[in-house]
Amino acid sequence: MEAVRSARRSFASDVASTLLPLYRSAPVLEVRLEDFELFAMDRLRVLKGIYDGLSRGKKPEEMEQLAISLWKAQMRHPHTSEVVNKDIISHFVLRLVYCRTEDLRKWFLQVETALFRYRFRQESAEVQRALMAEFELPYKAVSHSEFESVKDKLGQVARSMGQSSTADTLFFKVPFEEVPELVAGRRVFIHKGHAYIASNQVVSIVATQFRSHLSKALILTNRKWTSSIREQEKDRLAPIVEALSSSYLGPEYFQPKGLSEISLKDIDELAKSSFPLCMRHLFEKLREDHHLKHGGRMQLGLFLKGVGLKVDDALAFWRAEFSQKIGAERFDKEYSYNIRHNYGKEGKRTDYTPYSCQKIITSTPSVGDHHGCPYRHFSEENLRAVLSKMGVKNRAVEDVMDKVRNRHYQLACTLTFESIHDSSCDSGIYHPNQYFNDSQKILQSKNHSTA
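Remember, it's a predicted structure, so these values are computed and weren't measured experimentally. (Residues numbered from 1 in each chain as written. Predicted model: local features only at pLDDT ≥ 70, side-chain atom pairs only at ≥ 80, totals over all residues. Heavy atoms only, no water.)

What to know about the layout of surface pockets
Okay, step 1: In this model, the largest pocket occupies a volume close to 1600 Å³.
Okay, step 2: Along the wall of the largest pocket there are 39 residues; nearest its centre are Lys48, Tyr51, Trp107, Gln358 and Gln410.
Okay, step 3: Counting only elements with at least two residues in the lining of the largest pocket, the list comes to helix 1 (33-55), helix 2 (60-74), helix 4 (102-122), helix 16 (357-361) and helix 20 (409-421).
Okay, step 4: Ranked by residues supplied to the lining of the largest pocket, first place goes to helix 1 with six residues. (1 Å grid on protein atoms, 1.4 Å probe; cavity = no way out; pocket = protein on both sides within 12 Å on 5 of 7 lines; lining within 4 Å. Points joined across faces, edges and corners; volume = space filled by probe spheres on them. Helix = DSSP H or I, 4+ residues; strand = E, 2+ residues; numbered from the N terminus.)

As structure tokens, this is what we get:
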């Protein structure tokens, strides 16, 4: 697969007739550079949505519905003939993105296999059998005489799962170690080292094969990336590939106008009620020390811009704090330019946008810095203390800490939001300004109800 700036030919006729590719080998085709990145970002939105759902403990049927709805929403194409192309291109681009470290490979393997599983279950029985044949699985259907000898046991397993009779069900006999999730969940009958798999459980066999193939392919892709591709494409594809794994995929938050603007007199109350922990911590440190280093000024300053603090008010806000430590004259000389620059009033007059959760989480604060993500950078003791101070309930604190230990920092923030506001946040928290906006909507709704 080669990325170019010209148009590319379709290869839909070159793939299997099934709508569910197995991604055995990269296609030989030309891909426009714009499609290379945009297709990958669309698929990444699907995978991150699946990952969030799994991390939140959604039920299997809820996850399947979520995955399919995400796929339909994100993987569309204006030209129907290009849908399969987009599917295959996006997979191989992300394979390149996520082959580069053990953690990236582990994440991609988990969510891509989950996506395959959900899509496989949506296919017809005919397509599912065709996919089994593609994997050259040696398993044959259980004969009638063998079925009769074990049907009572199979019926017991089915009833334990709340399923109906097995009389008309087709079964396959496979080595039990090839379906570990079914064995762990006690969803199969095992006899003499073999598991009897119902036709509606075939997905476990195929998904195991898919995962095994993809795991090996990621290792091979990494070798090619490090040995040749990265150097060959250092000026063109490498920057895209290296940025995609940490890309922010949500909406940008520009400075609001009119009624959405906030005033200096309200900022302390808003900080307590609607700032996410990362911004609340910076705000409190600024009030306490009357100073923040560059990383903290950028993180908090752009956030305040995004929630509606006008440039003149921003200058007054920062001047009032910094002048207590360095004096107003030095502030005007050394710091006011950067504030005006962030608002697009100086230099190239770029309209800078607030930092996303992804950018904040991946930042690396040094000693004396206060920016970054508290869920990642705070000690457990400090984090528990600030969560309690924010009003997070005891049970919720334990749930938050569990997510932190598993490095689900945005989910930890989501649970904090839900506990403080006593309201669900199904979309999850992906941006500090989204946290603020959603908080304000809930609080304003409660105020209207009370009135």
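Topic: the packing of aromatic side chains
Okay, step 1: Under the counting rule described, the total for this entry stands at 20 aromatic pairs.
Okay, step 2: Here the aromatic residues Phe275, Phe283, Phe303, Phe317, Trp318, Phe322, Phe331, Tyr335 and Phe436 are joined through ring pairs into a cluster of three or more. (Phe/Tyr/Trp six-rings, centres within 6.5 Å; stacked < 30°, edge-to-face > 60°.)

Describing the confidence of the model for the chain
Okay, step 1: Confidence in the prediction of the chain, expressed as mean pLDDT, is 87, and 92% of residues score 70 or more.
Okay, step 2: Every residue in residues 4-18 scores below 50 in pLDDT, and together they form 37 contacts with partners more than four places removed in sequence or on other chains. (pLDDT = per-residue confidence, 0-100. Contact = heavy atoms within 4.5 Å.)

Brief notes about the pattern of salt bridges
Okay, step 1: For the structure on display, the rule yields 29 salt bridges.
Okay, step 2: Measuring nitrogen to oxygen at the nearest pair gives 3.1 Å for the salt bridge that ties arginine 105 to glutamate 102. One end of the pair, arginine 105, and the other, glutamate 102, are both in helix 4, three residues apart, so they sit about a helical turn from each other.
Okay, step 3: When its relative accessible area of 53% is taken as the criterion, glutamate 102 is described as exposed.
Okay, step 4: Across the pair lysine 305 and aspartate 351 runs a salt bridge whose closest N-O atoms are separated by 2.7 Å. One end of the pair, lysine 305, is in helix 12 (residues 294-307); the other, aspartate 351, is in the loop between helix 15 (336-342) and helix 16, with 46 residues separating them in the sequence.
Okay, step 5: You can call aspartate 351 partly exposed: its relative accessible area is 40%.
Okay, step 6: The network of salt bridges with shared partners includes Arg43, Asp87, Glu112 and Arg119. (Salt bridge = Lys/Arg side-chain N within 4 Å of Asp/Glu carboxyl O. Buried < 20%, exposed > 50% of the residue type's maximum accessible area, 1.4 Å probe, protein only.)

Comments concerning the environment of isoleucine 360
Okay, step 1: Here isoleucine 360 lies in helix 16.
Okay, step 2: Exposure remark for isoleucine 360: the relative accessible area of 3% places this residue in the buried category.
Okay, step 3: Linking isoleucine 360 and lysine 106, residues 254 residues apart in sequence, is a C-alpha distance of 22 Å.
Okay, step 4: Ignoring anything within four residues of it in the chain, the contact list for isoleucine 360 reads Cys278, Met279, Gln299, Tyr355, Gly372, Cys373, His377 and Pro432.

Focus: the sheet that holds strand 3 (residues 171-175)
Okay, step 1: The strand order across the open sheet built from three strands is 3-5-4, with neighbouring strands paired in antiparallel fashion. Both outer strands of the open sheet, strand 3 and strand 4 (189-191), are each paired with one neighbouring strand and no more. Each strand of the sheet is rotated relative to its neighbour by a mean of 30°, with strand direction disregarded.
Okay, step 2: Here strand 3 pairs with strand 5 (residues 194-198) via five bridges, running antiparallel. If you follow valine 174 over to strand 5, its bridge partner there is alanine 195. (Pairing = 2+ DSSP bridges. Axes fitted to C-alpha atoms, helices over the stretch in contact; angles between N-to-C directions.)

What to know about the packing of helix 10 (residues 267-274) against helix 11 (residues 277-289)
Relative placement of two packed helices is described by the angle separating their axes and the distance separating the axes.
Okay, step 1: One can describe the packing of helix 10 onto helix 11 by two numbers: an axis separation of 10 Å at closest approach and a directional angle of 140°. The crossing of helix 10 and helix 11 is left-handed. Facing Ile267, Asp268, Ala271 and Lys272 of helix 10, the residues of helix 11 in contact are Arg280, Phe283 and Arg287. (Left-handed = near helix turned anticlockwise from the far one by under 90°.)

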